[in-house]
Amino acid sequence: MSPHIVVFDSGVGGTSVLAHIQKALPSAHYSYIMDNKFLPYGELTKSALNTRIVEVMTQLNIHLGCFDLLVIACNTASTHTLELLRSKLDVPIVGVVPAIKPAAQTSTSKEIGVLATPATISNEYTKRLIGDFANHCDVRLFGSTELVAIAEKYFWQGELCLKQLSRALAEVKLSNIDTLVLGCTHFPIIAPFIKQVINSECTLVDSGAAIARRVKGILGNELSVDTIKKGPLQYYATAPIEQSKLDIKQIDL
């Protein structure tokens, strides 16, 4: 039997991670959960975020049945709550953190930017990543929750205002960086537009492919022999969404 993988985020940002995992493990059974009742997580305090994440995760088995692995496809939730969740749940948990290490390794000028939510930017975990892997670089931090809303609108409606995006990225445009870490899973959804606005020569880096490799490494012995047939995927949301793009079931969490 193929493993059941749960991918979790506050909104649609985690779909950018889901796509990488599905490519690596096409036959797995997937449940994608968006806690849009509390979107965006980047505006919650650490205490409120911890309380909410634990509340949701402790109810998942009731709604989904057993699952084999949980991916917290949200940088804010991962950097704040990963250790707490691992003490509460018995399944393997894979988190998403800003790709600071690969950015520091590949940057030519050693001037890199980290674009994330304010909560991720101010988190001690992010600061430790910089200290451990990028202390030889000039690292500039840019926080935005407006970009989350822009990515959500683009995902659901296919609409994006370049002027609005340009205003949201004003500080990034003025910086002299050659590598930009997309430290929120929402941002790869609009990556081509970000690149267009800031600098066509700037390299954008995210964690999607690395997370997929990690998930595949953990579940390597549980994979179905049939790796060609695409496994089922069901989307869930904690609040109503007026859209026709996806088949989404609402669950009360």
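Residues numbered from 1 in each chain as written. Predicted model: local features only at pLDDT ≥ 70, side-chain atom pairs only at ≥ 80, totals over all residues. Heavy atoms only, no water.

Draft legend 1. Layout of the sheet that holds strand β2 (residues 29–34). The parallel open sheet is built from six strands, whose spatial order is β4-β3-β1-β2-β9-β10. Each end of this open sheet is capped by a strand with a single partner; those strands are β4 (93–95) and β10 (248–250). In this sheet, adjacent strand axes meet at a mean angle of 25° when their direction is disregarded. Here strand β3 (residues 69–72) pairs with β4 via three bridges, running parallel. Residue pairing for β4: Ile72 is matched across the bridge by Gly95. Relative to the sheet, helix α1 (residues 15–24) contacts β1 (4–9), β2, β3 and β9 (233–237), its axis offset from that of β2 by approximately 175°. (Pairing = 2+ DSSP bridges. Helix = DSSP H or I, 4+ residues; strand = E, 2+ residues; numbered from the N terminus. Axes fitted to C-alpha atoms, helices over the stretch in contact; angles between N-to-C directions. Contact = heavy atoms within 4.5 Å.)

Draft legend 2. Local environment of the packing of aromatic side chains. Applying the stated criterion across every chain yields a total of four aromatic pairs. On the basis of an interplanar angle of 90° and a centroid distance of 4.9 Å, the ring pair of Phe155 and Trp156 is categorised as edge-to-face. In terms of burial, Phe155 and Trp156 fall into one category: buried. Looking at Lys245, its charged tip hangs above the ring of Phe155, at a distance of 3.8 Å from the centre. (Phe/Tyr/Trp six-rings, centres within 6.5 Å; stacked < 30°, edge-to-face > 60°. Buried < 20%, exposed > 50% of the residue type's maximum accessible area, 1.4 Å probe, protein only. Lys NZ or Arg CZ within 6 Å of the ring centre and 35° of its normal.)

Draft legend 3. Representation of helix α2 (residues 46–57) within the structure. Its twelve residues place the ends of α2 16 Å apart at the C-alpha level, agreeing with the 16 Å of an ideal helix rising 1.5 Å per residue. Buried residues of α2: Leu49, Asn50, Arg52, Ile53, Val54, Val56 and Met57, and no others. Buried positions along α2 lie against β1, α3 (60–64), β3 and α4 (75–88). (Expected span 1.5 Å × (residues − 1).)

Draft legend 4. Spatial organisation of the confidence of the model for the protein chain. The predicted model of the protein chain has a mean per-residue pLDDT of 92, with 97% of residues at 70 or higher. Mean pLDDT values for the elements of the protein chain range from 86 in α3 up to 98 in strand β7 (residues 179–182). (pLDDT = per-residue confidence, 0-100.)

Draft legend 5. Quick look at the layout of surface pockets. Space inside the largest pocket adds up to approximately 630 Å³. Taken together, 32 residues line the largest pocket, and the ones lying closest to its centre are Leu82, Gly95, Val97, Tyr125 and Leu129. Taken together, the elements giving at least two residues each to the lining of the largest pocket come down to α4, β4, α5 (100–106), α7 (124–133) and α12 (208–218). At eight residues, the largest contribution of residues to the lining of the largest pocket is made by α4. Counted as a void, the second largest pocket has a volume near 150 Å³. A class-by-class count of the residues in the lining of the second largest pocket yields three nonpolar, three polar and four charged. (1 Å grid on protein atoms, 1.4 Å probe; cavity = no way out; pocket = protein on both sides within 12 Å on 5 of 7 lines; lining within 4 Å. Points joined across faces, edges and corners; volume = space filled by probe spheres on them. Nonpolar A, V, L, I, M, F, W, Y, C, P; charged D, E, K, R; others polar.)

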